[in-house]
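Listed below, chain by chain, are the residues.
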Amino acid sequence: QNRPDFTRSILNISLGYLWKGSKTQRFAVYPFEVNSVYVNPSPAFQAKLDSLNDPRLLYSYDTHLIPSGRFTWVFNNQEIRKNGNFFFVRGNLEFAGLILTGLAKPLNLKTDAEGNYKVFDIKYSQYIKPDIDMSYHQLLDPNNSLVYRIAAGIGIPVFTSRALPFEKSFFAGGANSLRAWSARTLGPGAYKKLVNIEQSGDIKIEANFEYRSFLLHLLESAQLEGAAFVDAGNIWTRNDDPARPGSQFEFQHMIKEMGLGAGVGLRFNFSFFILRLDAAVKLRDPSLDLAKRWVYPNQKFVIGDITPNLAIGYPF
């Protein structure tokens, strides 16, 4: 990953077993998975990170290992209800560094100045991360359908880790999230961005509603579909982050800090793949002052308010 500010190289090695439990359920177990993340920031970007004095950002752009395991359960009854309504549910439980930390003393693992355990002289991540993604597909007739979706997750650093690694954090905004925001630019919470750096969080809650409709046949094996949608949600940090005021999750403020966007889209369905174009605008922006978070009573609409998204496949 070559960026103006840094170069990031990621090597993933995993060993797992996947099986189909029934017509509606699939399982995956990955007892062994290692991500090696090497980051080389530019001198100017490193100086910016140092000046912000944000442990989360410093950790996000530092070389590290992620020794983890993962269990995934998928429920999908579309196969047995091909012409009717169906549910899709995917649940994940991921854990990193727990076994290695438990063996730290027998393995004589060293620690750095901040107390982080190191293996092969590289610090490694330690966390527990459950998340779930659920959707209900309601078929109105052969040409029209409604899709309801909710997704949530939380990442909990444990032992000596102070933050989730960047690659395993939660993000909001983009073609498969809240489409009124560019990828990774929403949140966390009510934080007003002071620097143009991708924003990550420990907690994520999203809800989406989408109406899908067949429009016309383009070619013998292709058709054009339309969509109208509403997206809501945000990400948050579990603890107070002095570098990002307003980012911490507080239940009583959750609804007030939800981003809300709406838009329309086109899907070019070629049967073997789907090319998707969505355009959305922000309706409620949690980064604005509380009295001004509803966007259009407080400003005029301009073309620049539209956020386009180009992607492959349905968003969910």
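We now turn to the structure provided with this report. (Residues numbered from 1 in each chain as written. Predicted model: local features only at pLDDT ≥ 70, side-chain atom pairs only at ≥ 80, totals over all residues. Heavy atoms only, no water.)

**A closer look at the pairing of strand β15 (residues 307-312)**
Defined as follows: Residue burial is assigned from relative accessible area. The probe radius is 1.4 Å, only protein chains are included, and a residue is buried under 20% of its type maximum, exposed over 50%, and partly exposed in between. Only DSSP runs of H or I covering at least 4 residues are called helices, and only runs of E covering at least 2 are called strands; the numbering of each starts at the N terminus. Strands are labelled as partners when DSSP assigns at least two bridges between them.
Only one face of β15 is buried: it carries Thr307, Asn309 and Ala311, and the other face, with Pro308, Leu310 and Ile312, is open. In this structure, strand β14 (residues 274-284) lies alongside β15, joined through 6 bridges in antiparallel fashion. Pairing of Leu275 across the sheet is with Ile312, part of β15.

**A closer look at the packing of aromatic side chains**
This is how it is decided: Only the six-membered ring of Trp is used, alongside the rings of Phe and Tyr, when aromatic pairs are assigned; centres must lie within 6.5 Å, and planes under 30 degrees apart are stacked while those over 60 apart are edge-to-face, with the rest tilted. Think of it as a cone above the ring: NZ of Lys or CZ of Arg counts as a charge over the ring if it is within 6 Å of the ring centre and within 35 degrees of the ring normal.
Applying the stated criterion across every chain, the model contains 16 aromatic pairs. Relative to Phe27, the ring of Trp19 lies with its centre 5.2 Å away and its plane at 20°, an arrangement referred to as stacked. Its relative accessible area of 34% is what places Trp19 among the partly exposed residues. For the ring pair Phe87 and Tyr136, a centre distance of 4.6 Å and an interplane angle of 40° mean the geometry is tilted. Residue Phe87 is found in strand β4 (residues 86-96), and its partner Tyr136 is found in strand β8 (residues 127-141); the two are separated by 49 residues along the sequence. By relative accessible area, which is 41% here, Phe87 ends up partly exposed. Looking at Tyr136, the relative accessible area reads 23%, which means it is partly exposed. For Arg184, the ring lying beneath its charged end belongs to Phe171, and the centroid distance is 4.1 Å.

**As for the sheet that holds strand β7 (residues 122-123)**
In sheet architecture, strand pairing relies on hydrogen bonds along the backbone and comes in two forms, parallel and antiparallel. An order of β5-β6-β7 is seen for the 3 strands of this open sheet, with the pairing classed as antiparallel. Two strands close off the open sheet at either side, each with one partner strand: β5 (110-111) and β7. Strand direction decides the pairing type here: strand β6 (residues 117-119) and β7, joined by 2 bridges, are antiparallel. By the bridge assignment for β7, Lys118 is matched with Lys123.

**Examining the pattern of salt bridges**
The following threshold applies: Take a side-chain nitrogen of Lys or Arg and a carboxyl oxygen of Asp or Glu: if they are within 4 Å of each other, that pair is a salt bridge.
Following the criterion strictly, the structure yields 21 salt bridges and no others. Where Lys204 meets Glu206, a salt bridge forms, and the shortest distance between an N and an O atom there is 3.2 Å. Neither Lys204 nor Glu206 differs from the other in exposure class; each is buried. For the salt bridge of Arg267 with Glu210, the shortest nitrogen-to-oxygen distance reads 3.1 Å. Taken together, the positions of Arg267 in strand β13 (residues 259-269) and Glu210 in strand β11 (residues 203-219) put the pair 57 residues apart, joining distant regions of the chain. The class for Glu210 is buried, based on a relative accessible area of 0%. What you see here is one network of salt bridges that share partners, running through Arg179, Glu210, Arg212, Asp231, Arg267, Arg276 and Asp278.

**Section: the pairing of strand β1 (residues 6-20)**
One ladder, built from 14 bridges, connects β1 with strand β2 (residues 25-41); its direction is antiparallel. Counted as the bridge partner of Ser9 is Tyr38 from β2. Taken together, β1 and the strand that follows it, β2, pair antiparallel across an intervening segment of 4 residues.

**Considering the environment of Glu94**
Which entries qualify depends on this criterion: Note on contacts: a residue pair is in contact if any heavy atoms of the two residues lie within 4.5 Å.
Position of Glu94 relative to the elements: it lies in strand β4. Residue class for Glu94 comes out buried when judged on its relative accessible area of 8%. Along the sequence, Glu94 and Lys23 sit 71 residues apart, while their C-alpha atoms lie 25 Å from each other. Glu94 has contacts with Ser68, Gly69, Arg70, Tyr127, Ile128, Lys129 and Lys168, leaving out every residue within four places of it along the chain.

Interpretation in functional terms is not warranted from these geometric data alone.
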